[in-house]
Amino acid sequence: KRILTMSTVFQITQRPVIFLCKCLGIINISTTSGPDGLLTQNTNITFYSFLELTRIIAIFIITYNVQKHVLLPEKVEIYKCWVIIISAKISEKWIIKLINGIMEYDKKLTSTLTLNVIQGRPIIKKNWKLIFSCVFAYYVGTSVLTLMVLPKFRVMQLKIVPFYFIVFLSNAIDVTLVISTYFYLQNLEYRFHTLNGFWTQFQNGLTTTPIVETSWTHDEITMFVDNIRRLHAELCELLKIFSTGFGQMLVAFFLFIYISIV
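Residues numbered from 1 in each chain as written. Predicted model: local features only at pLDDT ≥ 70, side-chain atom pairs only at ≥ 80, totals over all residues. Heavy atoms only, no water.

As annotated in an unreviewed UniProt entry, the protein chain carries the name Gustatory receptor and comes from Aphis craccivora.

Draft legend 1. A look at the side chain of Thr181. Examined against the element boundaries, Thr181 turns out to sit in helix 5 (residues 161-197). Among all residues touching Thr181, those that are not within four sequence positions of it are Phe242, Phe246 and Leu250. (Helix = DSSP H or I, 4+ residues; strand = E, 2+ residues; numbered from the N terminus. Contact = heavy atoms within 4.5 Å.)

Draft legend 2. Fine view of helix 6 (residues 218-261). For helix 6, built from 44 residues, the straight-helix expectation of 64 Å at 1.5 Å per residue is met to within 8% by its first-to-last C-alpha distance of 60 Å. Bending of helix 6 peaks at approximately 45° at the position of Phe246. (Expected span 1.5 Å × (residues − 1). Bend = angle between axes of the 7 residues up to and from the residue.)

Draft legend 3. View of a nonpolar patch on the surface. Residues Leu53, Ile57, Phe60, Ile61 and Tyr64 make up a contiguous nonpolar surface patch of about 510 Å² in total accessible area. With respect to the element layout, Phe60 can be found in helix 2 (residues 45-67). (Patch = residues over 30% accessible without salt bridge, like charges linked within 9 Å, V, L, I, M, F, W, Y side chains within 5 Å. Areas by Shrake-Rupley, 256 points an atom, 1.4 Å probe, with all protein chains shown as cover. Salt bridge = Lys/Arg side-chain N within 4 Å of Asp/Glu carboxyl O.)

Draft legend 4. Examining the environment of Cys236 more closely. Note on placement: Cys236 falls in helix 6. Along the sequence, Cys236 and Leu188 sit 48 residues apart, while their C-alpha atoms lie 9.3 Å from each other.

Draft legend 5. Here's a closer look at the confidence of the model for the protein chain. Looking at the protein chain as a whole, the pLDDT averages 75, with 75% of positions reaching at least 70. Across the protein chain, helix 6 holds the top mean pLDDT of 87, while helix 4 (residues 125-149) sits lowest at 68. Across residues 115-123, where pLDDT falls below 50, the model places 28 contacts with residues more than four positions away in sequence or in other chains. The low-confidence segment residues 152-156 (pLDDT under 50) makes 7 contacts with residues lying over four places distant or belonging to another chain. (pLDDT = per-residue confidence, 0-100.)

Here you go:
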């Protein structure tokens with residue numbers, strides 16, 4: 001029951017994350033969730049490709065016009081947006097592979113290990129709702145504060161509207177990257193913790209009979225341990241995919257933060 005809940009909660013709580021990633025260009029807008037929960041590309045490739053290309057061109061035109069009229073600190077924000085967006089496009093297939101891999105892992109965990117985990121920390125949907133609310137409040141507050149400290153903010157001039165857009169875009173990309181990174185990394189951590197919980201079914205290592213209602217044979221114990229080993233290896237592979245998918249974006253994110261501080 002716990003494992004089924006873990007898989008269901010993951011699919012439900014990741015919907016806002018997927019929505020944010022689509023809006024900010026981290027994941028292609030044509031990506032949809034299939035009946036089995038796995039992410040796939042929509043069959044209407046031409047239409048969604050046109051939307052994706054239109055969005056990229058619009059952002060490029062706005063940022064190109066804005067960067068000619070701003071100082072170096074604001075240009076750094078523009079460059080950061082583009083580096084993260086380009087890194088996201090390069091890593092998109094790995095991000096989708098990570099999401100689908102977590103879902104497939106949950107199915108294997110459900111079908112392979114049937115013992116109840118007697119220790120573990122349940123994932124509560126309310127916790128993620130609180131996280132989303134706090135991050136959204138941070139985004140709105142930062143954007144409003146930026147507008148307030150800008151010179152002549154009381155006079156809304158048409159020529160500085162694109163700059164406001166860049167401010168919003170930069171903050172939105174930062175928020176989306178941070179929250180998506182934390183979300184998937186925390187889900188991987190929870191699955192490692194859940195898998196380790198199966199070892200508590202043994203009293204003294206692997207030499208005694210597990211604490212279950214009926215005794216296990218030596219072959220059953222061997223199969224149980226081998227299944228845990230295989231699942232642990234798959235989790236390690238998912239962690240590598242996470243590093244490949246989010247690593248480039250995180251490097252760019254922290255690099256430009258360091259540059260802006262200096």
